[in-house]
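# A closer look at the structure
Here are the chains, one letter per residue:
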Amino acid sequence: MNSITNIVDIDSELATQSPQEILSYALENFDNIAISFSGAEDVVLIDMAYKIRKDIQVFSLDTGRLHAQTYRFIEAVRNHYDIKIDLVMPEAAKVEKLVKEKGLFSFYQDDHKECCGVRKIAPLRKQLLTVDAWITGQRRDQSPGTRAAVPAIQDDKAFARPDDSLTKFNPLANWTSKQVWDYIRANDVPYNELHDEGFVSIGCEPCTRPTGPGQHEREGRWWWEEATMKECGLHAVNISK
């Protein structure tokens with residue numbers, strides 16, 4: 001399947017289906033498709049996809065600033081499913097230039113976009129040039145400001161190859177955090193040990209902290225910035241006009 005011309009119609013069909021059904025559709029229609037893995041939602045997708053097709057492609061962005069617990073989590077998932085996880089890293093020269101010019105924590109003054117651009121967006125863009133479709137763990141309730149309208153399937157113009165299309169699947173769009181964690185517990189799915197320490201949404205170590213009672217999960221990310229537009233750029237299509 002090279003392109004989807006009636007993506008809106010397909011989304012209207014998939015919107016009422018279960019994550020497993022959406023994943024089945026994605027894996028049946030795309031051979032060159034990969035799961036983007038970092039958190040609890042993504043490992044749920046790995047578990048579901050692995051039960052459909054054992055030869056799933058999985059990649060994870062290694063920014064060089066992750067918690068030690070996150071690296072242990074990645075390895076636990078690799079071993080649990082006996083799968084390859086492609087660790088995608090930023091270009092060393094670009095990281096070195098940023099750190100030499102602005103130090104290790106420039107994002108506290110300038111906002112996080114420049115650092116995320118070097119450590120996450122550029123590596124992701126390079127990785128997505130190698131696939132025809134990708135699968136993410138976005139949920140609509142994760143961020144009212146940027147993810148409330150996340151569809152089950154979309155044309156990802158932000159990362160598509162020139163004069164080509166890139167299809168993005170969000171099988172958990174309609175799920176809540178409770179449904180994710182009910183699935184994890186019911187299926188004995190590995191999870192990041194930081195969740196037991198109060199972390200809900202987990203990113204790089206300097207930019208992530210536990211959330212308190214009554215706080216939304218995204219308040220633990222880039223907490224020094226304005227609250228409603230917290231995207232690092234991986235899902236730029238959410239905030240593009």
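Summarised in this report is the structure supplied together with it.

The rules we used
- Residues numbered from 1 in each chain as written.
- Predicted model: local features only at pLDDT ≥ 70, side-chain atom pairs only at ≥ 80, totals over all residues.
- Heavy atoms only, no water.
- Phe/Tyr/Trp six-rings, centres within 6.5 Å; stacked < 30°, edge-to-face > 60°.
- Buried < 20%, exposed > 50% of the residue type's maximum accessible area, 1.4 Å probe, protein only.
- Lys NZ or Arg CZ within 6 Å of the ring centre and 35° of its normal.
- Salt bridge = Lys/Arg side-chain N within 4 Å of Asp/Glu carboxyl O.
- Helix = DSSP H or I, 4+ residues; strand = E, 2+ residues; numbered from the N terminus.
- Pairing = 2+ DSSP bridges.
- Axes fitted to C-alpha atoms, helices over the stretch in contact; angles between N-to-C directions.
- Contact = heavy atoms within 4.5 Å.
- Right-handed = clockwise from strand over helix to strand, strands pointing away.
- Expected span 1.5 Å × (residues − 1).
- Arc of directions from axis to C-beta.

### Focus: the packing of aromatic side chains
This structure, assessed with the given rule, holds 14 aromatic pairs. Taken together, a centroid distance of 4.9 Å and an interplanar angle of 70° make the contact between Phe107 and Tyr108 edge-to-face. Look at Phe107 and you get buried, because its relative accessible area is 3%. Three or more aromatic residues joined by ring pairs make a cluster, and in this case those are Phe105, Phe107, Tyr108, Trp223 and Trp224. A cation sits over an aromatic face here: Lys54 above Tyr50, 4.8 Å from the ring centre. Its end group placed over the ring of Trp222, Arg221 keeps NZ or CZ at 4.7 Å from the ring centre.

### Looking at the pattern of salt bridges
Tallying each qualifying case throughout the model produces 16 salt bridges. In this structure, the salt-bridge partner of Lys113 is Asp111, at a minimum N-O distance of 3.7 Å. Overall, the relative accessible area of 53% leaves Lys113 in the exposed class. Classification of Asp111 as partly exposed rests on a relative accessible area of 27%. Taking the shortest distance from any N to any O, the salt bridge between Asp182 and Lys178 comes out at 2.8 Å. One end of the pair is Asp182 and the other is Lys178, both in helix 8 (residues 177-186) and four residues apart, which spans about a single turn. On the accessibility criterion, Asp182 (34% relative accessible area) is partly exposed. Classification of Lys178 as exposed rests on a relative accessible area of 59%.

### Some thoughts on the sheet that holds strand 6 (residues 167-169)
Sheets are built from strands that pair by backbone hydrogen bonding, the pairs being arranged parallel or antiparallel. One open sheet accounts for six strands, arranged 3-2-1-4-6-5; its pairing is mixed. Across the chains shown, the open sheet's two edge strands, defined by having one partner strand only, are strand 3 (85-88) and strand 5 (153-155). Between one strand and the next, the sheet's axes are offset by a mean angle of 30°, whatever the strand orientation. By the bridge criterion, three bridges tie strand 4 (residues 133-135) to strand 6 in an arrangement that is parallel. Across the sheet, Ala133 pairs through a bridge with Thr167, a residue of strand 6. In this fold helix 7 (residues 113-128) packs onto strand 2 (57-61), strand 3 and strand 4, with an angle of close to 160° to the strand it touches most, strand 2.

### Observations concerning the pairing of strand 2
Burial within strand 2 is extensive, with four of its five residues counted as buried. Sheet topology places strand 1 (residues 33-36) next to strand 2; three bridges connect them, and they run parallel. Paired with Ala34 across the bridge in strand 2 is Gln57. Following the chain from strand 1 across helix 3 (residues 40-52) to the adjacent parallel strand 2, one finds a crossover that is right-handed. For the crossover from strand 2 across helix 4 (residues 68-81) to strand 3, the handedness is right-handed.

### A short note on the pairing of strand 3
Looking down a regular strand, the side chains alternate between one sheet face and the other. Inspection of the sheet shows strand 2 paired to strand 3 by four bridges, in the parallel sense. Among the inter-strand pairings, Ser60 is bridged to a residue of strand 3, identified as Leu87.

### Observations regarding helix 4
Taking 1.5 Å of rise per residue, 14 residues should cover 20 Å, and helix 4 covers 21 Å from first to last C-alpha, within 8% of that figure. Listing the buried residues of helix 4 in full gives Gln69, Thr70, Phe73, Ile74, Val77 and Tyr81. Mapping the buried residues of helix 4 onto a view down its axis gives an arc of 145°, with all of them on the same face. If you follow the buried residues of helix 4, they end up packed against helix 3, strand 2 and strand 3. One or two steps after helix 4, the chain reaches Asp82, where phi turns positive at roughly 55°.

Scope: geometric values only; no functional claims are made or implied.
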